[in-house]
Amino acid sequence: MALFFSSCFEQTDCLINNTNILKIGLKGRTLGKDTTVTFLSIRTLEDETILYENKNLSKVEVPLQISDTVTTVIFDYNESIVVSDTVQSIFVSDTLTLAYKNQTRVISRDCGAYLYQLDAYIPESTFEKVRVTSSILLTTVTINLEIFL
Amino acid sequence: MKYFYSILLSFGLVIPAFTQEVETESESEPAEIKEKDTVKADYRPTGIRLATDLISLIASQVDTKFNGWEVNADVDFYRYYLTVDYGYWAKQLSIDNGYFENSGNYFRVGADVNFLLKDPDRNMVFLGYRYGQSTFDHSSNYLQDFVTAPEYGMSYSDTGVRAHWMELTSGLRIKIWKMIWVGYTARFKFAPRAKGYSEMQPYDIPGYGIYEKKIYWGFNYQIFIKIPVRKEDQPPLIFEK
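Everything quoted here is computed from the prediction, not taken from an experiment. (Residues numbered from 1 in each chain as written. Chains lettered and ligands numbered in written order. Predicted model: local features only at pLDDT ≥ 70, side-chain atom pairs only at ≥ 80, totals over all residues. Heavy atoms only, no water.)

Brief notes about the overall build of chain A
Next up, step 1: On a plain count of helices and strands, chain A comes out with one helix and nine strands.
Next up, step 2: In sequence order, the secondary structure elements of chain A are arranged as α-β-β-β-β-β-β-β-β-β.
Next up, step 3: Over its C-alpha trace chain A gives a radius of gyration of 20 Å, far above what one expects of a compact globule, namely 15 Å for 149 residues.
Next up, step 4: Along the three orthogonal principal directions, the C-alpha set of chain A runs to about 85 × 30 × 25 Å.
Next up, step 5: Residues counted as buried form 44% of the 149 residues belonging to chain A.
Next up, step 6: Restricting the contact set of chain A to residue pairs at least 6 apart, pairs at least 24 apart contribute 53%. (Helix = DSSP H or I, 4+ residues; strand = E, 2+ residues; numbered from the N terminus. Rg over C-alpha atoms; globule rule 2.2 N^0.38 Å. Buried < 20%, exposed > 50% of the residue type's maximum accessible area, 1.4 Å probe, protein only. Contact = heavy atoms within 4.5 Å.)

Observations concerning a nonpolar patch on the surface
All names here are of chain B.
Next up, step 1: A surface patch of nonpolar side chains, amounting to about 920 Å² of accessible area, comprises Tyr43, Leu57, Trp69, Val71, Phe77, Tyr80, Leu82, Val84, Tyr86, Phe107 and Val109.
Next up, step 2: Those elements that place two or more of their residues in the nonpolar patch are strand 2 (66–77), strand 3 (80–95) and strand 4 (98–114).
Next up, step 3: Here the element with the most residues in the nonpolar patch is strand 3; it accounts for four residues. (Patch = residues over 30% accessible without salt bridge, like charges linked within 9 Å, V, L, I, M, F, W, Y side chains within 5 Å. Areas by Shrake-Rupley, 256 points an atom, 1.4 Å probe, with all protein chains shown as cover. Salt bridge = Lys/Arg side-chain N within 4 Å of Asp/Glu carboxyl O.)

Regarding the sheet that holds strand 7 (residues 180–195) of chain B
Residues and elements named next belong to chain B.
Next up, step 1: Strand order around the closed barrel formed by eight strands is 1-2-3-4-5-6-7-11, with antiparallel pairing between neighbours. Direction aside, the axes of adjacent strands within the sheet are offset by 25° on average.
Next up, step 2: The sheet strands contacting helix 3 (residues 54–62) are strand 1 (47–53), strand 2 and strand 11 (215–228), and the helix crosses strand 2 at an angle near 170°. (Pairing = 2+ DSSP bridges. Axes fitted to C-alpha atoms, helices over the stretch in contact; angles between N-to-C directions.)

Let's talk about unusual backbone geometry
Next up, step 1: At Ser84 of chain A, a position not held by glycine, the phi torsion is positive, near 50°.
Next up, step 2: According to the relative accessible area criterion, Ser84 of chain A is exposed, its value standing at 68%.

Description of the pattern of salt bridges
Residue and element names in this part refer to chain B.
Next up, step 1: Applying the stated criterion across every chain yields a total of 21 salt bridges over all chains.
Next up, step 2: When the shortest N-O distance is used, the salt bridge between Arg44 and Asp42 registers 3.0 Å.
Next up, step 3: Judged by its relative accessible area of 47%, Arg44 falls in the partly exposed class.
Next up, step 4: For Asp42, the salt bridge goes to Arg230, with nearest N and O atoms at 3.2 Å. Separated by 188 residues along the polypeptide, Asp42 in the loop between helix 2 (14–27) and strand 1 and Arg230 in the segment after strand 11 bring together distant segments of the chain.

Looking at the nonpolar core
Burial of nonpolar side chains together is a common tendency in soluble globular proteins.
Next up, step 1: Within the largest apolar cluster, 27 residues are counted, with the highest numbers of intra-cluster contacts made by Val106 and Leu115 of chain A together with Phe100 and Ile205 of chain B.
Next up, step 2: Elements with a minimum of two residues in this core: strand 7 (112–125) of chain A together with strand 3, strand 4, strand 5 (124–144) and strand 6 (152–177) of chain B.
Next up, step 3: It is strand 6 of chain B that contributes the most residues to this core, five residues altogether.
Next up, step 4: Beyond its immediate sequence surroundings of up to four residues, Val106 of chain A is in contact with Gly112 and Ala113 of chain A together with Ile95, Phe100, Ser140, Met200 and Tyr203 of chain B.
Next up, step 5: By size, the runner-up hydrophobic cluster in this structure holds 24 residues, among which are Val73, Tyr100, Leu137 and Leu149 of chain A. (Core = buried A, V, L, I, M, F, W, Y, C linked by side-chain atoms within 4.5 Å.)

Distances and angles like these do not, on their own, reveal function.
Okay, structure coming up:
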């Protein structure tokens, strides 16, 4: 009987770990190790928000659209290439589109409801290689996807 | 007075009822030899019992956040009872950052085994099993803080969500007057599964309860009316030498 009542009035812990921040790790194309890139700008296509400008970054954080299920990010940077034994810097603008599902989860009456963004995948990208490492956005996840540059 | 005691008994626990049975048998003289019961079990149903859950009906009247009802039916086959439950459950809850509501119908089907075999009133102390299924709609409106949008208002809903689960049941049925029985059913619900949702993960499943809790308890206090389908035979007597 005691078990019956204790079960009914059990409180749920407010473990809220949702976020709309997509965490992107940058990796070297050849060795696959963490790398740093100087971005001229990183901006979102939908609301044209400039997220970063002239920044040296090894990790990029992009807030995903909460009223939509697609977010497109434009990365502008200079890439060094070797032409006839001389290193040249060329301007590159790469686009990455991420699609996902928005799903509400009511944690409990005391904790409330929260939006979770999950089942993320890349329908379109101009990068040579991109990999989704975690398809759900959580505060506990360190990297959601990796871009190989 | 008999009916008063019957009602009082129906509020009791199942375990003492079992204990009483065991004690009665063990108290009998070891020298006495009971004749083997040669009367064959009669599997022909004696009637259909229809019931409703009083807790749901009362809760619908006193709790503004809940609206629901449940009807039950069982048919006896000797000590085994085929049972069917059908109900409706709607909740409107205020949550920390908004509102949640759901509504839907559910059914359960299963069987009970009665451990009071020779009771002339066909009272029951039973254990049983149920399979439950629910179809429901749910929605939530709430505010959430995002880095890019503080206090952002959101509204999500799904229709036609389906869920199923299983139950182990136990309880009592006590005859209080002619064709009227009262009793309770305690439900140990487990293994909920849901599908057909996209915008919202189920929070509260009609007929089950909180989806996140993989084990959940339920309780019904029921009043039954029996519609007889044939004249009942008296239970077999035990002759002692």
